[in-house]
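For reference, the chains in residue letters:
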Amino acid sequence: MGPNGEQVGIVRVEDALRLAAEADLDLVEVAPMARPPVAKLMDYGKYKYEAAMKARESRKNQVNTVIKEIKLRPKIDAHDYGTKKGHVVRFLNGGDKVKVTIMFRGREQSRPELGFRLLQRLAEDVSDLGFVESAPKQDGRNMVMVLGPSKKKAAVRQEKKRESAGRGSGAAADEQQASAS
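Residue numbering note: each chain is counted from 1, following its sequence as written. Two thresholds apply to this predicted model, a pLDDT of at least 70 for residue-level local features and 80 or more for giving and counting side-chain atom pairs, whereas whole-chain, interface and lining totals are computed over all residues. The side-chain values count all of the structure's non-hydrogen atoms but skip hydrogen atoms and water molecules.

**Notes on the nonpolar core**
Turning to step 1, where the next piece is worked out: Membership of the largest hydrophobic core comes to 18 residues, with the highest contact counts inside it found for Leu72, Val88, Val98, Val100, Ile102 and Leu147.
Turning to step 2, where the next piece is worked out: Contacts were defined at the residue level, with two residues in contact if any of their heavy atoms lie within 4.5 Å. Not counting the four nearest positions on each side in its chain, Leu147 is found in contact with Val88, Leu92, Lys97, Val98, Val100, Ala123, Val126, Phe131, Val132 and Glu133. Note on terminology: a nonpolar core comprises buried Ala, Val, Leu, Ile, Met, Phe, Trp, Tyr and Cys residues joined through side-chain atoms within 4.5 Å. Burial status follows relative accessibility: with a 1.4 Å probe on protein chains alone, a residue under 20% of its type maximum counts as buried, one over 50% as exposed, and anything between as partly exposed.

**Comments concerning the packing of aromatic side chains**
Turning to step 1, where the next piece is worked out: A pair of Phe, Tyr and Trp rings is counted when the ring centres sit within 6.5 Å of each other, with Trp represented by its six-membered ring. The angle between the planes then sorts it: under 30 degrees is stacked, over 60 is edge-to-face, the rest tilted. The final tally for this structure, using the stated rule, is zero aromatic pairs.
Turning to step 2, where the next piece is worked out: A ring has a charge above it when a Lys NZ or an Arg CZ is no more than 6 Å from the ring centre and no more than 35 degrees off the ring normal. A cation sits over an aromatic face here: Arg121 above Tyr81, 3.8 Å from the ring centre.

**A look at the side chain of Thr101**
Turning to step 1, where the next piece is worked out: In this description a helix means any DSSP run of H or I spanning at least four residues, a strand means any run of E spanning at least two, and both kinds are numbered starting from the N terminus. Along the polypeptide, Thr101 turns up in strand β4 (residues 97-103).
Turning to step 2, where the next piece is worked out: What qualifies as a polar contact is a pair of N or O atoms within 3.5 Å, subject to a donor-acceptor requirement within protein and to the restriction that residues adjacent in sequence count only when both atoms come from side chains. In this structure the side chain of Thr101 is engaged in a polar contact, spanning 2.9 Å, whose partner is the side chain of Glu69.
Turning to step 3, where the next piece is worked out: In this view, Thr101 contacts Glu69, Ile70, Lys71, Leu72, Asn142, Met143 and Val144; residues no more than four positions away in its chain are not counted.

**Considerations on the pairing of strand β1 (residues 26-31)**
Turning to step 1, where the next piece is worked out: As judged from the five bridges shared by β1 and strand β2 (residues 38-42), these two strands associate in the antiparallel manner. Paired with Val28 across the bridge in β2 is Lys40.
Turning to step 2, where the next piece is worked out: Following β1, the chain reverses through six residues before pairing antiparallel with β2. One bridge is not enough; two strands pair if DSSP finds at least two bridges between them.

**Notes on the pattern of salt bridges**
Turning to step 1, where the next piece is worked out: For salt bridges, the criterion is a side-chain nitrogen of Lys or Arg within 4 Å of an Asp or Glu carboxyl oxygen. Applying the stated criterion across every chain, the model contains three salt bridges.
Turning to step 2, where the next piece is worked out: For Glu108, the salt bridge identified is with Arg73, shortest N-O distance 2.8 Å. One end of the pair, Glu108, is in the loop between β4 and α4 (112-125); the other, Arg73, is in the loop between β3 (67-72) and α3 (78-93), and 35 residues separate them in sequence.

**Focus on the environment of Leu147**
Turning to step 1, where the next piece is worked out: With respect to the element layout, Leu147 can be found in strand β6 (residues 142-149).
Turning to step 2, where the next piece is worked out: Since its relative accessible area comes to 1%, Leu147 is described here as buried.
Turning to step 3, where the next piece is worked out: Residues Leu147 and Val126 lie 21 residues apart in sequence; the distance between their C-alpha atoms is 9.1 Å.

**Structural notes on the confidence of the model for the protein chain**
Parts of the model with low pLDDT should not have their predicted coordinates read in detail.
Turning to step 1, where the next piece is worked out: pLDDT is a residue-level measure of predictor confidence that goes from 0 to 100. For the protein chain, mean pLDDT is 79; residues scoring 70 or higher make up 85% of the total.
Turning to step 2, where the next piece is worked out: Across the protein chain, element-level confidence peaks in β4 with a mean pLDDT of 90 and bottoms out in helix α5 (residues 153-180) with 62.

**A word on the environment of Val28**
Turning to step 1, where the next piece is worked out: Take Val28: it is sitting in strand β1.
Turning to step 2, where the next piece is worked out: You can call Val28 buried: its relative accessible area is 17%.
Turning to step 3, where the next piece is worked out: Each C-alpha atom of the pair Val28 and Met42 lies 7.0 Å from the other, and the pair is 14 residues apart in sequence.
Turning to step 4, where the next piece is worked out: Once residues within four sequence positions are removed from consideration, Val28 is found in contact with Val38, Ala39, Lys40, Met42 and Tyr44.

**Some remarks on the packing of α3 against α4**
Turning to step 1, where the next piece is worked out: For the pair α3 and α4, the least separation of the axes is 11 Å and the interaxial angle reads 50°. Viewed along their axes, α3 and α4 adopt a mutual orientation that is oblique. Note on packing geometry: the crossing formed by α3 with α4 is right-handed. Here Tyr81, Lys85 and Val88 of α3 lie close against α4, whose contacting residues are Leu118, Arg121, Leu122 and Asp125.
Turning to step 2, where the next piece is worked out: Note on residue classes: Ala, Val, Leu, Ile, Met, Phe, Trp, Tyr, Cys and Pro are nonpolar, Asp, Glu, Lys and Arg are charged, and everything else, Gly too, is polar. Per-class residue counts for the contact of α3 with α4 are four nonpolar, no polar and three charged. Every axis in this analysis is a line fitted to C-alpha atoms, fitted for helices over the stretch in contact. Angles between the N-to-C directions lie between 0 and 180 degrees. Any angle between 65 and 115 degrees counts as roughly perpendicular, while under 35 counts as roughly parallel, over 145 as roughly antiparallel, and the rest as oblique. Two helices that cross are described as forming a left-handed crossing if the nearer one is turned anticlockwise from the farther one by less than a right angle, and a right-handed crossing if clockwise.

**A closer look at the sheet that holds β4**
Turning to step 1, where the next piece is worked out: A sheet is described by the order of its strands in space; here four strands give the open sequence β3-β4-β6-β5, paired in mixed fashion. Where the open sheet ends on each side, the last strands, each with one partner, are β3 and β5 (130-139). Taken over all neighbouring pairs, the strand axes of this sheet differ in orientation by 20° on average, direction set aside.
Turning to step 2, where the next piece is worked out: With six bridges joining them, β4 and β6 adopt antiparallel strand pairing. Across the sheet, the residue bridging to Lys99 is Val146, located in β6.
Turning to step 3, where the next piece is worked out: Against the sheet, α4 makes contact with β3, β4, β5 and β6, and its axis sits at roughly 10° relative to β6, the strand it touches most.

The following block contains the structure:
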């Protein structure tokens, strides 16, 4: 194949190398297992650079999923529950998953329904922000439930960018009005 993607046809290796040298390009074997093998004239350095830039761009748009963890006890006070629920709300608003763990000690282990009810109550309280990804299940001395956000993390990031851009332009407009009067 030629430098612009056109078909050159079957050419001897020596002739192909000479064509590459004349065009100041590299001869790259594209399909070595084909009969006859397929080679292309291209600037290999430029090709590698463009591939690296594409990979970097795709990594930049990629979002890593983070699992935040909140630990509770079955006999939690109402105010403490409100505080922990606030943390869960903050994590879900940020687009992160939340692993809620209830730790049982001593005789509390004989009453897993208390932990189950507490997890159900928490799930109902934050149902508008997230959903139960894995139902509560007993794991030794702990009971674990995972809540997933209803909004994806990428959508949350874009929303924050729009808000900050809106605030920036709004502040500039306020300054212009103040200077005009």
